[in-house]
Amino acid sequence: MTSQEQPPPRRGRGRRPAAEVRAGVLRAAADLLLGEGVKAVTFDRVAAAAGSSKVTLYKWWPSAGALAAEAYFTHSEHTLEFPDTGDLRADLTAQIRAFVRLLTEGRTGPVIAGLIGVAQTDPELSAAFSRYYSGPRRALAMATFVKARDRGELRADIDLGILVDQLWGACYHRLLIPDEPLTEDFAVALVDNALDGARVR
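Report on the accompanying structure. Per-chain numbering applies: the sequence of each chain, read as written, is numbered from 1 onward. Owing to the predicted nature of the model, reporting of local features is limited to residues with pLDDT of at least 70; listing and counting of side-chain atom pairs is limited to 80 or more, with chain, interface and lining totals taken over all residues. Note that water and hydrogens are dropped before the side-chain values are worked out from all heavy atoms of the structure.

## Structural notes on the overall build of the protein
Scanning the protein for helices and strands turns up 9 helices and 0 strands. Only DSSP runs of H or I covering at least 4 residues are called helices, and only runs of E covering at least 2 are called strands; the numbering of each starts at the N terminus. Seen in sequence order, the protein has helices and strands lined up from the N terminus as α-α-α-α-α-α-α-α-α. Compactness check: the protein gives a C-alpha radius of gyration of 22 Å against a globular reference of 17 Å for 201 residues, more than 25% above the reference. Over its C-alpha atoms, taken along the principal directions, the protein stretches across nearly 80 × 45 × 25 Å. Each residue is assigned to one of three classes by its accessible area relative to the maximum for its type, calculated with a 1.4 Å probe on protein chains only: buried under 20%, partly exposed between the two thresholds, exposed over 50%. Taking all 201 residues of the protein together, the buried fraction comes to 41%. Contact between two residues is taken to exist if any of their heavy atoms lie within 4.5 Å; hydrogens are not considered. Residue pairs at least 24 apart in sequence account for 64% of intrachain contacts in the protein once pairs closer than 6 positions are excluded. Only the protein chains shown count as cover for residues, with accessible areas throughout obtained via the Shrake-Rupley method and a probe of 1.4 Å. Counting only carbon and sulfur atoms, one obtains 53% of the accessible surface of the protein, whose full area is about 11500 Å². Just to be clear, the radius of gyration here is over C-alpha atoms, and the globule rule we use is 2.2 Å times residues to the power 0.38.

As structure tokens, then:
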């Protein structure tokens, strides 16, 4: 057999790329989180489900709570993408309706309520929740408002941070204190209420 006819060398199994391992761990953690809640996300169970080692998990996350927070963000990131059509009212309405659906359909609402609750006494989960979820979501909303203000859709003197709190904070309030229903109709009314008081006259 000539060198040109030699079969290619067989590749050993070796180690999986780190990005592949991390993605598998986050999927396993998200499955446990959405299936059983935040208390089910332990390094033992996630490592077993992902076919990874606890040493690897400890290397990447300071606590199981921090892992749970990142897993939630990874799971919800695509759903909560912010549209950018140039029409602030339409974009906000679409985004907050999507947010409300995320909170009210399936297990996601109880999961995020659980994460918020545990974050009150778990500083590592709290920091991870801010880093991977609430911080990036807030930054996207702020960027959208800055563009809208530059287009003349919002007053120049409006406090954009408070506008974020008014809109998304109201949804979290109804999730955590369910005196009133959290619905898509509420999302539409919320945007109308906020923008009718904030838009340029």
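## Things to note about helix α1 (residues 18-36)
One less than the number of residues in a helix, times 1.5 Å, gives the span that helix is expected to have. Given a rise of 1.5 Å per residue, 19 residues ought to cover 27 Å, and the 27 Å separating the end C-alpha atoms of α1 matches this to within 8%. Three or more residues of α1 are buried, namely Val 21, Gly 24, Val 25, Leu 26, Ala 28, Ala 29, Ala 30, Leu 32, Leu 33 and Leu 34. Buried residues along α1 sit in contact with α2 (43-50), α3 (54-60), α4 (64-76) and α6 (108-119). Positive phi appears at Gly 37, one or two residues downstream of α1, with a value of about 100°.

## Comments concerning the packing of α6 against helix α8 (residues 160-176)
Direction vectors running N to C along α6 and α8 enclose 95°, while the axes themselves pass 10 Å from each other. The pairing of α6 with α8 is recorded here as roughly perpendicular in orientation. Contact with α6, carried on its side by Gly 109, Ile 112, Ala 113 and Ile 116, involves Tyr 172, Leu 175 and Leu 176 of α8 and no other residues of that element. For the contact of α6 with α8, the class distribution of residues is 6 nonpolar, 1 polar and no charged. Here, axes are lines fitted to C-alpha atoms. For helices the fit covers the stretch in contact, and angles between N-to-C directions go from 0 to 180 degrees. These descriptions rest on fixed angle ranges, namely under 35 degrees for roughly parallel, over 145 for roughly antiparallel, 65 to 115 for roughly perpendicular, and the rest for oblique. Any residue that is not Ala, Val, Leu, Ile, Met, Phe, Trp, Tyr, Cys, Pro, Asp, Glu, Lys or Arg is counted as polar, Gly included; the first ten are nonpolar and the last four charged.

## With respect to the nonpolar core
In a soluble, globular protein the nonpolar side chains are often hidden away together inside. To define a nonpolar core, start from buried Ala, Val, Leu, Ile, Met, Phe, Trp, Tyr and Cys residues and group those joined through side-chain atoms within 4.5 Å. Judged by nonpolar contacts, the single largest core of 64 residues is most densely connected at Leu 67, Phe 145, Leu 167 and Trp 168. Only α1, α2, α4, α5 (88-104), α6, α7 (123-150), α8 and α9 (184-198) provide two or more residues apiece to this core.

## With respect to the side chain of Thr 108
Assignment of secondary structure puts Thr 108 in helix α6. Overall, the relative accessible area of 7% leaves Thr 108 in the buried class. Aside from chain neighbours lying at most four places away, what touches Thr 108 is Leu 34, Tyr 72, His 75 and Leu 102.

## What about the packing of aromatic side chains?
In this description, a pair of aromatic rings is defined by centroid distance and the angle of the planes. Stacked, edge-to-face and tilted labels apply to pairs of Phe, Tyr and Trp rings (six-membered ring for Trp) whose centres lie within 6.5 Å, assigned for plane angles under 30 degrees, over 60, and everything in between, in that order. One pass over the structure, following the stated rule, counts 7 aromatic pairs. With a centroid separation of 5.8 Å and 90° between ring planes, the pair formed by Trp 60 and Trp 61 is classed as edge-to-face. Looking at Trp 60, the relative accessible area reads 24%, which means it is partly exposed. Centroid distance Phe 99 to Tyr 172: 5.3 Å. Interplanar angle 70°. Geometry classified as edge-to-face. Highlighted residues: Phe 99 in helix α5 and Tyr 172 in helix α8, separated in sequence by 73 residues. Taking the relative accessible area as the measure of exposure, Phe 99 reaches 2% and is therefore buried. Members of the aromatic cluster, joined through ring pairs, are Tyr 72, Phe 129 and Tyr 133. In this structure, Arg 22 packs its charged tip against the face of Trp 60, placed 5.4 Å from the ring centre. We call a charge positioned above a ring when the Lys NZ or Arg CZ atom is no farther than 6 Å from the ring centre and deviates by at most 35 degrees from the ring normal.

## Regarding the environment of Ala 47
Its location among the elements puts Ala 47 in helix α2. Sequence-wise, Ala 47 and Tyr 72 are 25 residues apart; in three dimensions their C-alpha atoms are separated by 17 Å. With near-sequence residues (within four places) excluded, Ala 47 lies in contact with Ser 52, Ser 53, Lys 54 and Leu 57.

## Description of the environment of Leu 92
Of note, Leu 92 is situated in helix α5. As for Leu 92 and Ala 141, which are separated by 49 residues in sequence, their C-alpha atoms are 8.9 Å apart.

## Here's the deal with the pattern of salt bridges
Between Lys or Arg on one side and Asp or Glu on the other, a salt bridge is scored when a side-chain nitrogen of the former is within 4 Å of a carboxyl oxygen of the latter. A full pass over the atoms with the stated rule returns 11 salt bridges. For Asp 84, the salt bridge is made with Lys 147, and the minimal N-O distance between the two is 3.0 Å. Taken as a pair, Asp 84 in the loop between α4 and α5 and Lys 147 in helix α7 lie far apart in primary sequence, 63 residues in all. Residue Asp 157 is joined to Arg 155 by a salt bridge in which the shortest nitrogen-to-oxygen separation is 2.9 Å. Through salt bridges with shared partners, a single network forms among Arg 89, Asp 192 and Asp 196.

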